[in-house]
Amino acid sequence: MANKMKVAVVGAGGRMGKEVVKLVLGDEELELVAAVGKSDAGADAGTLVGLPACGIRVTSDLEMALVEYRPDVMVDFTTPQFAYSNTALAIKHGVRPIIGTTGFTPEQIEELDKQCAEQNIGGLIAPNFSIGAILMMKFAAQAAKYLPHVEIIETHGDQKLDAPSGTSIKTAEMIAQNREEIRQGNPKEEE
């Protein structure tokens, strides 16, 4: 394919970042042009994920990677403390952000949206990339119209960095948008 989409992966050495690197390296329509990670700088991105060497060295300098390799998209699976600045930097350089990191405030999302509009590019902040989780959020929002009493319970491995997760926060937001206000207790109750 002549016009492959050029991809930079930020957080390339993390659990999800490694999966994205594998996916990009295995897709003939995508080209890994940069892998960014603090602790894995200098490693070959292919060997980092258990594949043959691909010639892309992990760098710790995101701005250099954006300027030098000019990716079309940047996939970020870092941490909340870095994701906002990484995203703003990508937009500044005209690179479309695809963010799998959660923890953005509504104000930050609004600001990033504004920056994307100014650059005339799109972007995506997704609380979860799993089709099962996306369907669960959609179904929970629909069910909230008919089943107003709901509780979200989530379980994570001990290495999970954000709690509650972005998935549970987004699910709660979607439920809240679709259910009517509920007054708890009996209206004739007296204390």
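For clarity, every value in this text was computed on a predicted model and none was experimentally measured. (Residues numbered from 1 in each chain as written. Predicted model: local features only at pLDDT ≥ 70, side-chain atom pairs only at ≥ 80, totals over all residues. Heavy atoms only, no water.)

(A) Expanded view of helix 1 (residues 15-25). Those residues of helix 1 lying buried are G17, V20, V21 and V24. Here the buried residues of helix 1 occupy an arc of 100° about the axis, which is enough to place them on one side. In helix 1, the exposed residues that point more than 90 degrees away from the buried face are R15 and L23. Looking at the buried side of helix 1, the elements it contacts are strand 1 (5-10), strand 2 (30-36), helix 2 (45-48) and strand 4 (73-76). (Buried < 20%, exposed > 50% of the residue type's maximum accessible area, 1.4 Å probe, protein only. Helix = DSSP H or I, 4+ residues; strand = E, 2+ residues; numbered from the N terminus. Arc of directions from axis to C-beta. Contact = heavy atoms within 4.5 Å.)

(B) View of the pairing of strand 4. Here strand 4 shows no split at all, with V73 and V75 on one side and M74 and D76 on the other all buried. Where strand 1 meets strand 4, four bridges bridge the pair, whose relative direction is parallel. The residue of strand 4 that forms the bridge with V7 is V73. In terms of strand pairing, strand 4 meets strand 5 (residues 96-99) through four bridges, oriented parallel. Of the residues in strand 5, the one forming a bridge with V73 is R96. Crossover strand 4 to strand 5 through helix 4 (residues 80-92) is right-handed. (Pairing = 2+ DSSP bridges. Right-handed = clockwise from strand over helix to strand, strands pointing away.)

(C) View of helix 7 (residues 166-178). A rise of 1.5 Å per residue sets the reference length of helix 7, with its 13 residues, at 18 Å; its end C-alpha atoms lie 19 Å apart and thus fit the reference within 8%. Among all positions of helix 7, only G166, T167, S168, T171, M174 and I175 are buried. Along its buried surface, helix 7 packs onto helix 6 (131-143). (Expected span 1.5 Å × (residues − 1).)

(D) Main features of the nonpolar core. Core analysis: the biggest nonpolar cluster contains 20 residues, and L62, L66 and M74 have the highest contact counts within it. Residue assignment for this core shows that the elements contributing at least two residues are strand 1, strand 2, helix 3 (62-69), helix 4 and helix 5 (106-119). Residues within four places of L62 in sequence aside, it is in contact with V10, V36, M74, N86 and L89. Core analysis: the next-biggest nonpolar cluster, separate from the first, contains 17 residues, A45, I56, V58 and V73 among them. (Core = buried A, V, L, I, M, F, W, Y, C linked by side-chain atoms within 4.5 Å.)

(E) Structural context of the sheet that holds strand 4. The parallel open sheet is built from six strands, whose spatial order is 3-2-1-4-5-6. What marks the edges here is a single partner per strand, and that holds for strand 3 (58-59) and strand 6 (124-125). Where helix 3 meets the sheet, its contacts fall on strand 1, strand 2, strand 3 and strand 4, and the angle it forms with strand 2 comes to roughly 150°. (Axes fitted to C-alpha atoms, helices over the stretch in contact; angles between N-to-C directions.)

(F) Up close: a negative patch on the surface. Taken together, the side chains of E107, E110, E111, D113 and E118 define an acidic patch exposed on the protein surface. Tracing the sequence through the fold places D113 in helix 5. Residue class for D113 comes out exposed when judged on its relative accessible area of 54%. (Patch = residues over 30% accessible without salt bridge, like charges linked within 9 Å, V, L, I, M, F, W, Y side chains within 5 Å. Areas by Shrake-Rupley, 256 points an atom, 1.4 Å probe, with all protein chains shown as cover. Salt bridge = Lys/Arg side-chain N within 4 Å of Asp/Glu carboxyl O. Lys, Arg positive; Asp, Glu negative; His and termini not counted. Charge placed at Lys NZ, Arg CZ, Asp CG, Glu CD.)

Scope: geometric values only; no functional claims are made or implied.
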